[in-house]
Amino acid sequence: MLDYLDLEADRDGEARLIRDTAREFVHERVRPSIGEWFESGTSPDHLFEAMGELDFYAPTLSWGTLPGVSPEAYGLLMRELEAGDSGVRSMASVQGALVMYPIHEFGSEAQRERWLPDLAAGEAVGCFGLTEPEHGSDPASMATTAVPDGDGYQLTGTKTWITNAPIADVAVIWCKIDDGDGETDGPVRGVLVDLDGDSVETSEIDGKLSMRASSTGEIHLRDAWVPEDALLPGVEGMKGPLSCLTEARYGIAWGAVGAARDCFETAREYATDREQFGGPIARFQLQQEKLAEMATRITTAQLLADRLAALKARGDLRPQQVSMAKRNNVRMAREVAQTAREMLGGNGITTDYPPMRHAANMETVYTYEGTHDIHTLILGADLTGIDAFE
């Protein structure tokens with residue numbers, strides 16, 4: 001495995017154990033079938049409970065039996081899962097960072113007891129509803145509303161591009177409180193919605209050319225009634241969903257390194273085995289330049305991820321720093337995947353090799369959890385003090 005600066009030698013025992021457990025899981029449970037799942041557009045839902053048994057969901061939380069591992073250990077988990085496939089990492093990332101995290105941080109004790117054990121075990125599946133058909137990069141303009149109704153609320157709206165939605169049991173829906181005057185300028189609140197309700201419909205988004213081994217859908221709410229205690233009591237405003245996204249983006253910054261490393265290792269092995277013009281193609285300067293550039297960029301991205309972990313561990317990590325890492329590392333992985341596929345020639349377009357699958361997946365990762373351009377503007381605002389969004 002690529003580790004040019006010998007960073008893995010400095011991992012502690014906990015981090016190494018989680019890294020090796022995830023790596024073995026990917027080797028045994030993901031790699032043998034991922035090409036088939038990707039080609040057929042099949043989500044490996046059967047892995048949910050298996051990952052729960054290994055504590056892959058929100059392992060940084062300290063509640064109940066959740067282990068409370070370090071940010072570094074969690075990052076390594078995301079890295080190894082995404083070396084298998086971005087869809088598999090997303091299964092764990094959404095369940096943990098976007099569903100269990102807000103319930104833990106902003107939920108009542110009753111909500112934690114109701115959902116965290118089942119979600120941690122993979123016996124329940126969760127999803128996160130923020131993006132809407134007309135509100136993607138500007139989620140604060142969301143149109144989904146919660147209108148007071150007796151001792152609860154009626155929810156109306158549509159959420160789209162929701163990972164796990166078609167197979168989920170519960171959704172964390174972000175909406176605006178509407179006092180019934182038709183205005184949608186009330187405070188943003190998070191609501192736990194049971195997706196088995198009669199007024200809730202989920203549908204699969206078909207025709208994806210990326211993240212094909214992942215279930216993605218829409219959630220349609222038609223005056224869906226929820227009790228008042230379904231609201232997350234601990235947060236109001238965009239701080240709620242944005243803090244969840246910061247958690248998820250942290251995992252993405254690590255995960256992208258895993259996808260890129262998998263592409264590099266495939267290209268390096270292929271270049272040393274593939275013979276043309278009387279010898280391995282790895283002897284050619286053009287191929288060595290590509291390998292050198294990929295190894296350098298992957299190593300640099302890993303250093304950035306490691307620094308995030310150190311800042312997060314001591315409570316100093318800022319969302320803008322996560323934006324830098326998400327922006328850099330995903331762009332790096334996108335370009336590494338494309339270069340690796342190129343090195344494999346015609347063989348590189350098949351599911352027998354992972355680079356083109358990773359390249360396709362990176363088109364989604366490049367866009368979701370904040371597009372590359374949005375993270376550029378987040379950094380620009382932080383560096384200049386001038387918000388380009390206004």
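Residues numbered from 1 in each chain as written. Predicted model: local features only at pLDDT ≥ 70, side-chain atom pairs only at ≥ 80, totals over all residues. Heavy atoms only, no water.

Under an unreviewed UniProt entry, the name given to the chain is glutaryl-CoA dehydrogenase (ETF), and the source organism is Halomicrobium mukohataei. In its Catalytic activity (unreviewed entry) section, the UniProt record describing the chain reads: "glutaryl-CoA + oxidized [electron-transfer flavoprotein] + 2 H(+) = (2E)-butenoyl-CoA + reduced [electron-transfer flavoprotein] + CO2". Heading Sequence similarities (unreviewed entry) of the UniProt record for the chain holds this comment: "Belongs to the acyl-CoA dehydrogenase family." (UniProt positions renumbered as here; feature names shortened; annotations may be inferred.)

> What am I meant to see in the overall build of the chain here?
Within the chain one finds eleven helices and nine strands. Here the C-alpha coordinates of the chain stretch approximately 80 × 45 × 40 Å along the principal axes. Counting contacts in the chain only where the partners sit at least 6 residues apart, residues at least 24 apart contribute 74% of the total. Roughly 16700 Å² of accessible area belongs to the chain as shown, and the carbon and sulfur atoms make up 48% of that amount. Each charge class in the chain was averaged separately, 34 positive and 65 negative side chains, and the resulting centres sit 9 Å apart. (Helix = DSSP H or I, 4+ residues; strand = E, 2+ residues; numbered from the N terminus. Contact = heavy atoms within 4.5 Å. Areas by Shrake-Rupley, 256 points an atom, 1.4 Å probe, with all protein chains shown as cover. Lys, Arg positive; Asp, Glu negative; His and termini not counted. Charge placed at Lys NZ, Arg CZ, Asp CG, Glu CD.)

> Mind showing me how you'd approach the UniProt feature "domain: Acyl-CoA dehydrogenase/oxidase C-terminal" (unreviewed entry) in the chain here?
UniProt feature "domain: Acyl-CoA dehydrogenase/oxidase C-terminal" (unreviewed entry): in the numbering of this structure it lies at residues 237-382. Helix makes up 76% of residues 237-382 and strand 3%, and the two end C-alpha atoms of the span are 21 Å apart.

> Before we go on, may I ask you to explain the packing of helix α7 (residues 239-273) against helix α9 (residues 319-343) in this structure?
Axis angle and axis distance: for two packed helices, these are the angle between their axes and the distance between the axes, and together they describe the pair. Contact geometry for α7 and α9: axes closest at 8 Å, N-to-C directions at 20°. The orientation of α7 with respect to α9, classified from their angle, is roughly parallel. Crossing angle aside, the handedness with which α7 passes α9 is left-handed. Residues Thr246, Arg249, Tyr250, Ile252, Ala253, Ala256, Val257, Ala260, Cys263, Ala267, Tyr270 and Ala271 of α7 pack against Pro319, Val322, Ala325, Lys326, Asn329, Val330, Met332, Ala333, Val336, Ala337, Ala340 and Met343 of α9. Considered class by class, the residues forming the contact of α7 with α9 number 20 nonpolar, two polar and two charged. (Axes fitted to C-alpha atoms, helices over the stretch in contact; angles between N-to-C directions. Parallel < 35°, antiparallel > 145°, perpendicular 65-115°, else oblique. Left-handed = near helix turned anticlockwise from the far one by under 90°. Nonpolar A, V, L, I, M, F, W, Y, C, P; charged D, E, K, R; others polar.)

> Looking at this structure, I do not really get the environment of Gly240. What am I missing?
Relative to the assigned elements, Gly240 resides in helix α7. Residue class for Gly240 comes out buried when judged on its relative accessible area of 0%. Note: C-alpha distance between Gly240 and Gly96 (144 residues apart in sequence) is 15 Å. Residue contacts for Gly240: discarding those within four places in its chain leaves Phe106, Trp174 and Val235. (Buried < 20%, exposed > 50% of the residue type's maximum accessible area, 1.4 Å probe, protein only.)

> Mind showing me how you'd approach helix α8 (residues 285-313) here?
Since the α-helix advances by 3.6 residues per turn, residues separated by three or four positions end up pointing in the same direction. For α8, with 29 residues, the first-to-last C-alpha span of 42 Å sits near the 42 Å given by 1.5 Å per residue. Phi turns positive one or two residues past the end of α8, at Gly315, with a value near 80°. (Expected span 1.5 Å × (residues − 1).)

> Please clarify how unusual backbone geometry should be interpreted in this entry.
The backbone of Trp161 shows a phi angle near 55°, a positive value even though the residue is not glycine. Following the sequence through the fold, Trp161 ends up in strand β3 (residues 152-163). Residue classification places Trp161 among the exposed residues on the basis of a relative accessible area of 55%.

> Any chance you could explain the environment of Arg327 here in plain terms?
Locating Arg327 in the fold gives a position in helix α9. On a C-alpha basis, the gap between Arg327 and His375 in space is 6.2 Å, while along the polypeptide they are 48 residues apart. In terms of polar contacts, Arg327 uses its side chain to reach the side chain of Thr376, at 2.7 Å. (Polar contact = N/O pair within 3.5 Å; in protein donor to acceptor, adjacent residues only side chain to side chain.)

> In this structure, what is going on with a nonpolar patch on the surface? I would like to understand it.
On the surface, Tyr4, Leu5 and Leu303 cluster together to form a nonpolar patch covering roughly 350 Å² of accessible area. Take Tyr4: it is sitting in the segment before α1 (13-30). (Patch = residues over 30% accessible without salt bridge, like charges linked within 9 Å, V, L, I, M, F, W, Y side chains within 5 Å. Salt bridge = Lys/Arg side-chain N within 4 Å of Asp/Glu carboxyl O.)

> Is there a simple way to explain the domain arrangement of the chain in this structure?
Size of an interface, as often reported, equals the accessible area lost when the parts are brought together. What the domain assignment reports for the chain is domain 1 (13-125), domain 2 (127-236) and domain 3 (239-384). Averaged C-alpha coordinates put domain 1 and domain 2 at centres separated by 23 Å. At the junction of the two partners, domain 1 supplies 30 residues and domain 2 supplies 24 residues. At the junction of domain 1 with domain 2, the criterion picks out zero salt bridges. Linking domain 1 with domain 2 are seven residue pairs in polar contact (both at pLDDT 80 or more). (Domains from an automatic or database assignment.)

> Which parts of the structure should I look at to understand α1?
Taking 1.5 Å of rise per residue, 18 residues should cover 26 Å, and α1 covers 25 Å from first to last C-alpha, within 8% of that figure. Here α1 has its buried residues at Ala15, Ile18, Arg19, Ala22, Phe25, Val26 and Val30. Looking down the long axis of α1, one finds its buried residues gathered within 130° of arc, a one-sided arrangement. Exposed side of α1, more than 90 degrees from the buried face: Gly13, Leu17 and His27 are the residues found there. Along its buried surface, α1 packs onto α2 (34-40), α3 (47-53), α4 (71-84) and α5 (86-106). Among the residues of α1, the N-terminal cap falls to Asp12, whose side-chain oxygen and the backbone nitrogen of Glu14 are separated by 3.3 Å. (Arc of directions from axis to C-beta.)

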